[in-house]
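# Notes for the structure review
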Amino acid sequence: MKTYQLVGIGNAVVDVISQCDDSFLEHMGIEKGIMQLIERDRGEVLYAAMNDRVQTPGGSVANTIAGAGALGLDAAFIGRVHDDALGQFYAKAMQDDGVDFVNPPVAGGELPTSRSMIFVSPDGERSMNTYLGISSEVSSADVPAGVAENAQIVFLEGYLFDKDKGKSAFREAARAAKAGGGKAGIAISDPFCVERHRDDFLSLIEHDLDYVIGNEDEIKSLFESDDLEAALTKTAAICPLVVCNRSGDGVIVLSEGARVEVPVEKITPVDATGAGDQFAAGFLFGMATGRDLETSARIGCICAGEVIRHIGPRPQTNVRDLLTAAGLL
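Residues numbered from 1 in each chain as written. Predicted model: local features only at pLDDT ≥ 70, side-chain atom pairs only at ≥ 80, totals over all residues. Heavy atoms only, no water.

A separate point is empty space enclosed by the protein. A full pass over the atoms with the stated rule returns one cavity of 30 Å³ or more. In this structure, the largest cavity occupies an estimated 30 Å³ of space. In terms of lining, the largest cavity is formed by Asn11, Leu132, Ser136, Tyr159, Leu160, Asp162 and Lys163. Of the residues belonging to the lining of the largest cavity, the class tally is three nonpolar, two polar and two charged. (1 Å grid on protein atoms, 1.4 Å probe; cavity = no way out; pocket = protein on both sides within 12 Å on 5 of 7 lines; lining within 4 Å. Points joined across faces, edges and corners; volume = space filled by probe spheres on them. Nonpolar A, V, L, I, M, F, W, Y, C, P; charged D, E, K, R; others polar.)

Structural data, given as structure tokens:
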């Protein structure tokens, strides 16, 4: 059985990206700057309205795993796609990114492959309209025996918490990784996701996870707090490692009583899609290769800085070169 440095479990979503102005968003009834779940019919309407579509494999944790794979980690991704054109595109694209896509596309009459229509406005804000399709059906049966057990680090996606079978898959994978001597953690994903499942989220973090990564709003939502410092303190009391990225305000890392703050270079994003995902890729790369927390956070910031300079959620330049130039490799 192959041993992986990093294994992600998450939504396998094809991102379909298009640029638009604010009047288009208003005309189409799209709420700016957030992720909305939509039904299949609405998805078809929005897809048809998109100009100059750019199609890429997406999904929050999948983007992280692909970024970590590009940095050189042995990485695998667990997710569900249908055996349709988008599903085949997704599976091949992950393999092309150097990531083992361990579940083959599902044949038969199940739901179609998930897709997210992402409209990028001139200020770089992204408005996501996601049809979850088959990817939200991930269950314990999708986690191949031996993969989580042999992983150095397992990374879970908060979005999959919406279904009980997703929660079960998470708990089993986290416990399997820890039993095998690895670490397990979660990307909080979305404040609204926390609102829906706060008790289960906190229970998983406290009892089964070694680390948690989220942005300011996500960390605050864990304890329904408007005070980031209070929320960080409470999260650190139940989890050994808490990582909070705050866009242009830098990163805070709390671990075993120690606190690390890493500033970032402030730039205007071309497209903010994937910034948090690529930060996580760099941070987990640092963890997996034995670097200290400050170095890991600095690597994460460079990865995030690369991805916001272009359209799309995955690296387009050789990030290892950027890390070498910064003296981090």
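Here we come to the sheet that holds strand E10 (residues 183-187). If you walk across this open sheet you meet the nine strands as E6-E5-E1-E9-E10-E11-E12-E13-E14, and the pairing is mixed. This sheet does not close on itself; its edge strands, each paired only once, are strand E6 (99-101) and strand E14 (258-262). With strand direction ignored, the average angle separating the axes of adjacent strands in the sheet is 20 degrees. As judged from the five bridges shared by strand E9 (residues 153-157) and E10, these two strands associate in the parallel manner. Across the sheet, the residue bridging to Phe155 is Gly185, located in E10. (Pairing = 2+ DSSP bridges. Helix = DSSP H or I, 4+ residues; strand = E, 2+ residues; numbered from the N terminus. Axes fitted to C-alpha atoms, helices over the stretch in contact; angles between N-to-C directions.)

Let's shift gears to the packing of aromatic side chains. For the structure on display, the rule yields seven aromatic pairs. Taken together through their ring pairs, the aromatic side chains of Phe77, Tyr90 and Phe101 make up a single cluster. The ring of Tyr47 carries the charged tip of Arg53 above its face, separated from the ring centre by 3.9 Å. (Phe/Tyr/Trp six-rings, centres within 6.5 Å; stacked < 30°, edge-to-face > 60°. Lys NZ or Arg CZ within 6 Å of the ring centre and 35° of its normal.)

Before going further, it helps to examine helix H5 (residues 164-179). Look at H5: 22 Å from first C-alpha to last across 16 residues, which is about the 22 Å you get at 1.5 Å a residue. Every buried residue of H5 is listed here: Gly166, Lys167, Ala169, Phe170, Ala173, Ala174, Ala176 and Ala177. On its buried face, H5 sits against strand E1 (6-9), E9, E10 and helix H6 (191-208). Directly beyond the C-terminal end of H5, a positive phi value near 90 degrees is found at Gly181. (Expected span 1.5 Å × (residues − 1). Buried < 20%, exposed > 50% of the residue type's maximum accessible area, 1.4 Å probe, protein only. Contact = heavy atoms within 4.5 Å.)

Helix H10 (residues 293-307) packs onto helix H9 (residues 275-288) with a crossing angle of 145 degrees between their chain directions and a minimal axis gap of 7 Å. Considering the relative orientation of H9 and H10, their crossing is right-handed. Contact residues: Ala275, Gln278, Phe279, Gly282, Phe283, Phe285, Gly286 and Met287 in H9; Leu293, Ser296, Ala297, Ile299, Gly300, Cys301, Cys303, Ala304 and Val307 in H10. Looking at the contact of H9 with H10 residue by residue, the classes come out as 12 nonpolar, five polar and no charged. (Left-handed = near helix turned anticlockwise from the far one by under 90°.)

Here H10 contains 15 residues, and its C-alpha end-to-end distance of 21 Å stays within 8% of the 21 Å for a straight helix at 1.5 Å per residue. Most of H10 is tucked away, with 11 of its 15 residues classed as buried. Listed as buried for H10 are Thr295, Ser296, Ala297, Ile299, Gly300, Cys301, Cys303, Ala304, Gly305, Glu306 and Val307. Looking at the buried positions of H10, the neighbouring elements they touch are strand E13 (251-255), E14, H9 and helix H11 (319-325). Where H10 starts, the residue carrying a side-chain oxygen 3.2 Å from the main-chain nitrogen of Glu294 turns out to be Asp292. (Polar contact = N/O pair within 3.5 Å; in protein donor to acceptor, adjacent residues only side chain to side chain.)

All right, on to the sheet that holds strand E3 (residues 35-37) then. Taken together, the five strands give an open sheet; going across it, the order is E3-E8-E7-E2-E4, and neighbouring strands pair in mixed fashion. In this open sheet, the two edge strands, each paired with only one partner strand, are E3 and strand E4 (54-58). Averaged over all pairs of adjacent strands, the angle between strand axes in this sheet comes to 25 degrees, irrespective of strand direction. The sheet contact formed by strand E7 (residues 114-120) and strand E8 (residues 126-131) spans six bridges and is antiparallel. Residue Val120 lies in a different strand from E8, and its bridge partner there is Arg126. Against the sheet, helix H4 (residues 85-96) touches strand E2 (13-19), E4 and E7, its axis set at about 65 degrees to E4.

Once that is clear, we can look at the pattern of salt bridges. Inspection of the entire model under this criterion finds 19 salt bridges. The partner of Asp22 in a salt bridge is Lys32, and the shortest N-O contact between them spans 3.2 Å. Taken together, the residues Asp22 in helix H1 (residues 22-28) and Lys32 in the loop between H1 and E3 connect sequence positions 10 residues apart. Taking the shortest distance from any N to any O, the salt bridge between Asp208 and Arg175 comes out at 2.8 Å. One end of the pair, Asp208, is in helix H6; the other, Arg175, is in helix H5, and 33 residues separate them in sequence. Ionic contacts of the salt-bridge type, sharing partners, join the residues Glu229, Arg246, Arg259 and Glu261 into one network. (Salt bridge = Lys/Arg side-chain N within 4 Å of Asp/Glu carboxyl O.)

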